[in-house]
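# Commentary on secondary and tertiary structure
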Amino acid sequence: MQQVKLINQISLWKERKMIKEKINLLNTYRQSFADRKRLEEGKTYVPLPFKNYLFTYLALIYRLKPVMEGVCNEKDLPKIKKALKESKEIYNLQYKISSEKFLINSPKDESDVVYSDDPREGIFSYSLSYEKKKVIKSEKYFLEKSKKTDKAHFFSRKFALLMGYPECCVDFGDTLSGNLDSERMKRENFIWSKAHIRSFMNSRKISPLLKSPFINLQDHTPCHLNCLQSKKYVERFLKIIEKEEKNLLKVIRYFFDCYSLIWYYSEFILFKGEKKKEVLFYEDFLPISYSSEKFSGDLSKNFKEKFKKSVVLIGKGNRIKMEEKYFVVYKNNKIIGKVKKDYPFECALF
Ligand SMILES: [Zn+2]
C-alpha cells in the first residue's frame, strides 16, 4: 500500500467528500499501528517507518507471508535500521539490508545497481522474515532481478515464488516482465497499474476482494481478478485485520465497494456509486495519482492534461457510460462531454 497523492483540483465537488474522508481514516489507522501500547493489548505493533508496508508486515507477523521485501530512500535508512532492530527485538524477525543500492533512472521499472558507498543518492532494499535463510535469498533475488542482465527474468520468478505468491500468478507475472523497447510492448508490459489492467483483461468474473487498484491486500498482481488462490489469501488476511482493528476492516470494505476508472498509467479515479452494465451512477469520486512520485519522467504532458480535464468534466456530472472509443459523462440524462480513449485498455472501468 503506497502513500497516495491526491490531486489538488479546484473545489468542484466540495459537497462530495466521502471518499476523501475514508482515505484520511485509513491513514489514521495506518499511523495507529505504530503505537507500542498495542503490544500490551496483545495486538501487533508496526514501527512507523513500515507504515506503507502495513498490510505486508502484518501478513508476515501472522505467517501468512514467509518474507517481506521493502525499499527506502537513502536518507531514511537510519530510521529503517532502527525499525528493523525493533522488529528483531520484539518478534525475533531476521533482517538484511542490501549491500548495494539502486539508482532509479527511468520509469521502465529498471534501475542501475551500484555499491552502497557510491556518492549518488539511491534506494536501499531490505528483507524481513522469521527465517534467516529467507532474508538472505530475498535480498539476493531482489538485487539480481533489478539488474539489467539476461538473468533478471530468472531471478524475478525465483523472487516471486520465495515471496509465497500463488503459482498461477507467478506464471502470469512472467508474461508481464521482459520490457522491450517498442511503444506497444512498453504499454503492454510495464508498471503496476497496467499490470492490474492486464489482470482485468484476463477476467471473466471480478471479485470485489481483488478489483481495486487502491486497496491491494495482496502484494502480487493476481493472474485475473477472480483468482481463487489470491482470494483465499485476501480472506485470510481480512481475518487478521478483524482481530487487530475491527474498524479498519469497515474502511477496507468501503474501498472494496468502490469502482475505479483506471487510466493508462498510474492514475485512476475512485467512485462511490452503482454500476449497471456499462453505466456508472456516481455520488462521489476522487482522482488519485501515483505518477508524480514515481514515474513522472514518462508521463507526457498531454496525458496529464487529458486526465485533469476529464476530472473536471466528471466533477460536473453524475453518470459515466463506457463506450468502445469514448467514455461519456452525463449530468442526469444530458450528455455534458465525451473523452476519447486512445487505446482500448485506457480508461477501464470496474
Ligand atoms: Zn492466480
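Residue numbers here run from 1 along each chain, matching the order of that chain's written sequence. Side-chain atom pairs in this predicted model are given and counted only at pLDDT of 80 or more, local residue features only at pLDDT of at least 70, and totals for whole chains, interfaces and linings cover all residues.

Let us look at the overall build of the chain. A count of helical and extended segments in the chain gives 13 helices and 13 strands. Counting other C-beta atoms within 10 Å of each residue's C-beta, where C-beta atoms are placed from the backbone, gives the exposure class: buried for 20 or more, exposed for 12 or fewer, partly exposed between. A burial count over the chain gives 34% of its 350 residues as buried. It is the C-beta atoms, placed from the backbone, that decide contacts: two residues are in contact if theirs lie within 7 Å. Taking as baseline every contact in the chain between residues at least 6 positions apart, the subset at least 24 positions apart corresponds to 56%. Comment: elements are numbered from the N terminus, with helices defined as DSSP H or I runs of at least four residues and strands as E runs of at least two.

Of all the seven residues making up strand β2 (residues 67-73), five are buried; the element is thus mostly covered by neighbouring parts of the structure. Two strands pair if DSSP finds at least two bridges between them. Both β2 and strand β6 (residues 123-129) contribute to a ladder of seven bridges, which runs antiparallel. Bridged to Asn73 within β6 is Ile123.

A few words on the nonpolar core. Think of a nonpolar core as buried Ala, Val, Leu, Ile, Met, Phe, Trp, Tyr and Cys residues chained together by C-beta atoms that fall within 7 Å. Leu54, Tyr57, Leu128, Ile269, Leu270 and Phe271 are the most contacted members of the largest nonpolar core, which has 69 residues in total. A total of seven residues in this core trace back to one element, the largest contributor, which is helix α3 (residues 54-61). Setting aside its immediate chain neighbours within four residues, Tyr57 contacts Val46, Phe50 and Met68.

This brings us to the packing of helix α1 (residues 18-32) against helix α11 (residues 246-256). Orientation is described by lines fitted to C-alpha atoms, with helices fitted over the stretch in contact, and by angles between N-to-C directions that extend from 0 to 180 degrees. Packing of α1 against α11 brings their axes to within 10 Å, and their N-to-C directions diverge by 140 degrees. One element, α1, and the other, α11, form an angle in the oblique class. Crossing hand, α1 versus α11: left-handed. Of the residues in α11, those touching α1 at Lys22, Leu25, Leu26 and Tyr29 are Leu248, Val251 and Tyr254. To sort the angles, those under 35 degrees are grouped as roughly parallel, those over 145 as roughly antiparallel, those from 65 to 115 as roughly perpendicular, and the leftovers as oblique. We call a crossing left-handed when the near helix sits turned anticlockwise from the far one by less than a right angle, and right-handed when that turn is clockwise.

The contact between helix α10 (residues 228-244) and α11 brings their axes to 5 Å, and the two run at 135 degrees. Put simply, α10 runs oblique to α11. For the pair α10 and α11, contact is made by Leu238, Ile241 and Glu242 and by Lys246, Leu248, Leu249 and Ile252, respectively. Tallied by class, the residues present in the contact of α10 with α11 amount to five nonpolar, no polar and two charged. Under the grouping applied here, Gly and all other residues not named as nonpolar or charged are polar, the nonpolar ones being Ala, Val, Leu, Ile, Met, Phe, Trp, Tyr, Cys and Pro and the charged ones Asp, Glu, Lys and Arg.

Along its 17 residues, α10 runs 25 Å from first to last C-alpha, staying within 8% of the 24 Å computed at 1.5 Å per residue. Along α10, the positions that sit buried rather than exposed are Ser230, Tyr233, Phe237 and Ile241. Buried positions in α10, seen along its axis, are confined to an arc of 80 degrees and lie on one side of it. Residues Lys232, Glu235, Lys239 and Glu242 are exposed on α10 and point more than 90 degrees away from its buried face. Given a helix with a known number of residues, its expected span is that number minus one, times 1.5 Å. Each direction from the helix axis to a C-beta atom contributes to the arc, which is the arc of those directions.

Our focus in this paragraph is unusual backbone geometry. Of note in the backbone geometry, Arg63 takes a positive phi value of approximately 60 degrees without being a glycine. By secondary structure assignment, the location of Arg63 is in the loop between α3 and β2. Phi is positive for Asn332, close to 55 degrees, though the residue is something other than glycine. The topology assignment puts Asn332 in the loop between β11 (326-331) and β12 (334-340).

The next thing to look at is the confidence of the model for the chain. What pLDDT expresses is the predictor's confidence in each residue, scored from 0 to 100. Per-residue confidence for the chain averages 85 on the pLDDT scale, and 83% of its residues sit at or above 70. Across residues 1-13, confidence stays below pLDDT 50; counting only partners more than four residues off in sequence or on other chains, it has 24 contacts. Across residues 179-183 the pLDDT falls below 50, and counting only partners more than four positions away or on other chains, this stretch makes seven contacts in the model.

Right, let's get into the environment of Ile241. Among the secondary structure elements, Ile241 is positioned in helix α10. We classify Ile241 as buried; it has 21 C-beta atoms within 10 Å. Separated by 186 residues in the primary sequence, Ile241 and Phe55 have C-alpha atoms spaced 8.9 Å apart. Those residues in contact with Ile241 that lie beyond four places of it in its chain are Leu248, Leu249 and Ile252.

As for its placement among the helices and strands, Pro66 is situated in the loop between α3 and β2. Classification of Pro66 as partly exposed rests on a count of 15 C-beta atoms within 10 Å. On a C-alpha basis, the gap between Pro66 and Leu162 in space is 7.6 Å, while along the polypeptide they are 96 residues apart. Once you skip the residues sitting within four places of it in the chain, Pro66 turns out to touch Ser129, Lys134 and Gly164.

Tracing the backbone through its elements, the reader meets Lys88 in helix α4 (residues 77-91). For Lys88, a count of 13 C-beta atoms within 10 Å corresponds to the partly exposed category. Sequence-wise, Lys88 and Tyr130 are 42 residues apart; in three dimensions their C-alpha atoms are separated by 9.0 Å. Apart from the residues lying within four places of it in its own chain, the contact partners of Lys88 are Leu93, Gln94 and Tyr95.

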